[in-house]
Structure formats: C-alpha cells, structure tokens
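# Fold and geometry: a report
Below, each chain spelled out in residue letters.
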Amino acid sequence: MSSATTILPPAMLGMLGGGQLGRFFVIAAHEMGYKVAVLDPDRNSPAGKIADVHLCAAYDDKVALQSLAEQCAAITTEFENVPASTLEFLAQHRTVRPAAASVAIAQNRVAEKNFFRDSGLPVAPYAVIQQEADIPAEDSGLYPAILKVARFGYDGKGQARIKTPEEAHAAFEKFGAEVCVLERMLKLDYEVSVVLARDADGNVETFPVAENSHLNGILDVSIAPARGDASIRDQARQLAIEVAKKLNYTGVLGVEFFVSEGRLLVNEMAPRPHNSGHYTIDACVTNQFEQQVRVLAGLPLGDARQHSPAVMVNLLGDIWGDGEPAWDQAYAESGLKMHLYGKHEARPGRKMGHFTVIGEKMEQTLQGALKVRHALG
Ligand code: ADP
Ligand code: MG
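Residues numbered from 1 in each chain as written. Chains lettered and ligands numbered in written order. Predicted model: local features only at pLDDT ≥ 70, side-chain atom pairs only at ≥ 80, totals over all residues. Heavy atoms only, no water.

### Re the coordination of the magnesium ion (ligand 2)
Applied cut-off: Shown as donors are all N, O and S atoms within 2.8 Å of a metal ion, widened to 3.2 Å for Na, K and Ca; because water is not in the atom set, sites may appear incomplete. Only DSSP runs of H or I reaching four residues or more are called helices, and only runs of E reaching two or more are called strands; each is numbered from the N terminus. The rule is simple: take the accessible area with a 1.4 Å probe, protein chains only, and divide by the maximum for that residue type; under 20% is buried, over 50% is exposed, in between is partly exposed.
Surrounding the magnesium ion (ligand 2) are the protein donor atoms Glu256 (OE) and Glu268 (OE), which sit 2.0 to 2.2 Å from the metal. Residue Glu256 is found in strand S14 (residues 251-260), and its partner Glu268 is found in strand S15 (residues 263-270); the two are separated by 12 residues along the sequence. Owing to a relative accessible area of 15%, Glu256 belongs among the buried residues under this scheme.

Spelled out as structure tokens, the structure:
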C-alpha cells in the first residue's frame, strides 16, 4: 500500500450523485468512519438526505464543484452520465476515481462497443448509426435487431426492437436522429454480470458472478452465484478483469454479459457499483460499496468472498399501486434483508428498493425470494 495517498477516517469523501447507489456508499463510508459530501440537484435525493453535507446544485455548477473539491479528500461517482468536464475539473484539485477517461467510454455506447471490439473482446454484431444512411440493409445479417441510443439510455430506455430496415428508420427518427448503435437481437440463454474492484496498483478482487433476469428492460432478479456452466462463470470473471485492465481502471466496475447459444459476449459496463451487485451487501465479506470506499481512500481491497447463496429482487414503484405493499408477509421470510431507498414518490418503473434473501442452499433461497416477491405483488 502506498501510504502517502491513503485517506483515513474521519476524512470527508465526495460523491457525485444522490441516488440509491450513492446512498449505499454513504452508509458504507459512515460505518467505516468517514464523512461524505454528496452533490445532487434533487433536494430529496436518497443519498443527499443522509450525507454529512448535501450540495444541492447542478453537476456542472462551478461554485458547488469548488466547494466539493475544498471539503473532500477524494471524489467518486455513482452514475456514468456526470459530465466529463466535471470529473476533469475535480481531478485538477483532488483524487478522482474512476478516471474521467473511463467514465467517458462507459457513458457512450459507441465508444464502449468500439472499445470492447478493439480490445478483442467478444461482442454482439453491431453497426454505428450516425445518420440515416448508416442504417444497414436487409441482407446485413443484423436483423432482427435492437436500436439503442448512444447516450443517456438506461433500464431499457432509449431502445427499440426492430425487424426491418424500415422499422430502424422509423425508430431512428423517433429518437430524434441521435447517434445510435444497431445491435443484432441475440437468442439469450441467460445473462450474467461481474462486479469487481481494481485499486491504483492494479490489484483486482472480483465478486462472484450474478445471474440476471430482466423485466421490461429493467433488472428484476439476480441469483448469486450464477447457476449453470462453471466455465461460463470463470470466463466472465476473466473477461471482466480484462476490461478493467485495458481501461487501466481504478474503482468499482460492473460488467454485463449475454450468454447466447453457449457463448459469452460482453454487453455493457458501468463505472460504479451495479444493481446486480446488491446481493454483496448481505452475502459477501466485503460489499461493493465498502470496496468503492476502499479504492477511493487508497486502502487495500476487501475480501470479496460470498458466504451464503443469495437472491436479490428489485422493488419498483408499480407495487405501491394501492398503498403500501404487504410488508408483513415479506417479513414472514426469516432470511429476508430489506433495503428501501427512502424515495419520496413511488412511480411505475422507478427503483424504490430491493430485497435479498439469504439461505443455506440455492434452491430454497430462490423459493423464499419468489414467495416474498409474489406476496409484494
Ligand atoms: P441498459 O441496461 O442500459 O438499458 P442493455 O443494453 O443492457 O441496456 O439492455 C437491457 C436488456 O435488454 C439486456 O439486459 C437484455 O435483457 C436485453 N438486450 C439488450 N441487447 C440485446 C440483444 N442484442 N439481444 C437480446 N437481448 C438484448
Ligand atoms: Mg444493461
């Protein structure tokens, strides 16, 4: 450990973004003895509400950024869409992890896909659509396909499933002729993800692989460790490490994969803790947010081993349809770990919380989780 750069409690750490990922970072940092300043323009942001300092301002507000740099020993982010100029500005004054260059790649699907391809990593066949004329012909082998906007897409937003070039033209128009990626629609066996932490000296700890299912483009259930072929799990961990190395990444990184006809393909990455890594809060020696604090502070990485099988289920605003969900029925499950994010308003599709069920054997753990999910609607 290079002790010259180690930041120890009770130093103040900075967080760009006040959502649930930021909130879990604040919780981990507090437990470890640090203070946290959060920058988020939303007065009611889940992380801002529990932070020591909440700078309620825009992400490019120079006065707020100056104040963050003055108050914090080091700064990180909970979302990839923070302006690159913000990270570059902060990096002139303080340690910023991950680096602006890594975030810039992760926030743009074109840069991200090209980076994977140029690094020799397996990806789904795709074309970059800068303008109408770039839309591939029927015989390109890319149809049926998914059109995805290059910037600001998440949870299946900014995506259209299309069968023909005509539909691609219509969808491209609908997205306002923004730069897009057109990707071949794959037959998915299942999806997996890997969360890892890489420190400034290049040491890496990977968390066990999660198996993910989505509903309407939003993560629904994560099963950890992933079931199925052990060699898929090993490959996923190796590929995730390769991604981090090629980026010379410092921080926590989430990498999503498709398993299609027995082959592993890299889908996308997130330069931060990942929803599919929430199971680590309750099932691992060190969780992904403590790992984020450790990397940022220059501490050695924590032990990423999992001690119990875990199944995580996201709770979206939809289940608040007619008042509060049936919490009493959920708490009937003894292995339940509930996490609600303190969001003010429940809207359909909005991530309000998640729960993880911990058990001894995967089969019963999964049954328990599905029972709770059913009880909550
Ligand atoms: P985001 O998570 O940013 O919304 P993704 O590219 O991960 O965007 O897409 C969301 C989900 O849509 C994926 O997890 C997967 O279930 C499905 N999906 C995306 N691309 C493809 C594809 N090429 N073939 C099949 N399914 C896909
Ligand atoms: Mg995704």
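### What about the sheet that holds strand S1 (residues 12-16)?
Whenever strands of a sheet pair, they do so through backbone hydrogen bonds, lying parallel or antiparallel. Stated precisely, the cut-off is as follows: DSSP-based pairing: two strands are paired if at least 2 bridges between them are found. Should any heavy atoms of two residues lie within 4.5 Å, those residues are considered in contact. All axes here are fitted lines through C-alpha atoms, helices being fitted over the stretch that makes contact, and every angle between N-to-C directions spans 0 to 180 degrees.
What the 5 strands build is an open sheet, ordered S3-S2-S1-S4-S5; its pairing is parallel. Only two strands of the sheet have a single neighbouring strand rather than two, namely strand S3 (53-55) and strand S5 (95-96). Strand direction decides the pairing type here: S1 and strand S2 (residues 35-39), joined by 5 bridges, are parallel. Bridging across to S2, Leu16 finds its partner in Leu39. Sheet contacts for helix H1 (residues 20-32): S1, S2 and strand S4 (74-77); angle to S2, the most-contacted strand, approximately 165°.

### Regarding the packing of helix H2 (residues 62-71) against helix H3 (residues 84-91)
Angle between the axes and distance between the axes are the two parameters that describe a pair of packed helices. Applicable threshold: Small angles under 35 degrees read as roughly parallel and large ones over 145 as roughly antiparallel, with 65 to 115 read as roughly perpendicular and the rest as oblique. Here is the rule for handedness: rotate from the far helix to the near one, and if that takes an anticlockwise turn smaller than a right angle the crossing is left-handed, while a clockwise turn gives right-handed. In the scheme used here, Gly and all other residues not listed as nonpolar or charged are polar, with Ala, Val, Leu, Ile, Met, Phe, Trp, Tyr, Cys and Pro taken as nonpolar and Asp, Glu, Lys and Arg as charged.
At a minimum axis separation of 10 Å, H2 and H3 run at an interaxial angle of 40°. With respect to H3, the element H2 is oriented oblique. Where H2 crosses over H3, the handedness of that crossing is right-handed. Along the contact surface, H2 presents Lys62, Leu65, Gln66, Leu68 and Ala69, while H3 presents Thr86, Phe89 and Leu90. Residues that form the contact of H2 with H3 fall into these classes: 5 nonpolar, 2 polar and 1 charged.

### Here we look at the site of ligand 1
Our working definition: Being near a molecule or strand, for a residue, means having at least one of its heavy atoms within 4 Å of it. Two N or O atoms count as a polar contact when they lie within 3.5 Å, although within protein this holds only if one can serve as hydrogen donor and the other as acceptor, and sequence-adjacent residues are included solely when both atoms are side-chain atoms. Note that accessible areas follow from Shrake-Rupley with a 1.4 Å probe, and for residues the cover is restricted to the protein chains shown. Each domain span listed reflects an automatic or database assignment of domains.
The environment of ligand 1 is made up of 19 residues, and the closest members are Lys148, Gly156, Glu183, Glu191 and Glu268. Note that an oxygen atom of ligand 1 is positioned 3.0 Å from one of the backbone N or O atoms of Asp155. Protein chains shield 93% of the accessible area of ligand 1, which is 550 Å² for the free molecule. Of all the secondary-structure elements, those providing two or more residues to the shell around ligand 1 are strand S7 (145-149), strand S8 (159-162), strand S9 (180-184), S14 and S15. A class-by-class count of the residues in the shell around ligand 1 yields 6 nonpolar, 4 polar and 9 charged. A domain-level breakdown of the shell around ligand 1 finds at least three residues from each of domain 2 (125-184) and domain 3 (190-375).

### Comments concerning the sheet that holds S9
Reading across the sheet, the 4 strands line up as S6-S9-S7-S8 and stay open at both edges, with antiparallel pairing between neighbours. Strands at the two margins of the open sheet, each flanked by one partner only, are strand S6 (126-129) and S8. Here the strands of the sheet are splayed against their neighbours by 20° on average, with no regard to which way each runs. Where S7 meets S9, 5 bridges bridge the pair, whose relative direction is antiparallel. From the neighbouring strand, Lys148 faces S9, where its bridge partner is Val181. Contacting S6, S7, S8 and S9, helix H6 (residues 165-174) runs over the sheet at an angle of about 165° to S8.

### Structural notes on the domain arrangement of the protein chain
Inclusion rule: Here the quantity called buried area is the total loss of accessible area, with a 1.4 Å probe, experienced by two parts when brought into contact, counted for both. Take a side-chain nitrogen of Lys or Arg and a carboxyl oxygen of Asp or Glu: if they are within 4 Å of each other, that pair is a salt bridge.
Assigned domains of the protein chain: these are domain 1 (3-96), domain 2 (125-184) and domain 3 (190-375). Between the C-alpha centres of domain 1 and domain 3 there is a distance of 23 Å. Summed over both partners, the interface of domain 1 with domain 3 buries about 2000 Å², with 67% contributed by carbon and sulfur atoms. Three residues stand out in domain 1 for area buried against domain 3, namely Gln20, Leu21 and Phe24, and they jointly supply 30% of the buried area on that side. On inspection of domain 1 and its partner domain 3, the count reaches 1 salt bridge. Glu80 is the partner of Arg272 in a salt bridge, and the nearest nitrogen-oxygen pair spans 2.6 Å. Inspection of the region where domain 1 meets domain 3 yields 5 residue pairs in polar contact (both at pLDDT 80 or more).

### Some details on the nonpolar core
Note on soluble globular proteins: their nonpolar side chains tend to be buried together. Worth spelling out the cut-off: Remark: nonpolar core denotes a set of buried residues (Ala, Val, Leu, Ile, Met, Phe, Trp, Tyr, Cys) joined through side-chain atoms within 4.5 Å.
By size, the foremost hydrophobic cluster in this structure holds 30 residues, and its most contacted members are Val243, Phe257 and Met269. The set of elements that each furnish at least two residues to this core consists of helix H5 (109-118), strand S10 (190-198), helix H7 (230-247), S14 and S15. The element best represented in this core is H7, accounting for 8 residues. The contacts of Met269, once residues within four sequence positions are left out, are Ile105, Ala106, Glu112, Phe115, Phe116, Val243, Leu247, Leu253, Gly254 and Val255. Membership of the second largest hydrophobic core comes to 22 residues, among which are Ala28, Ala47, Leu296 and Ala297.

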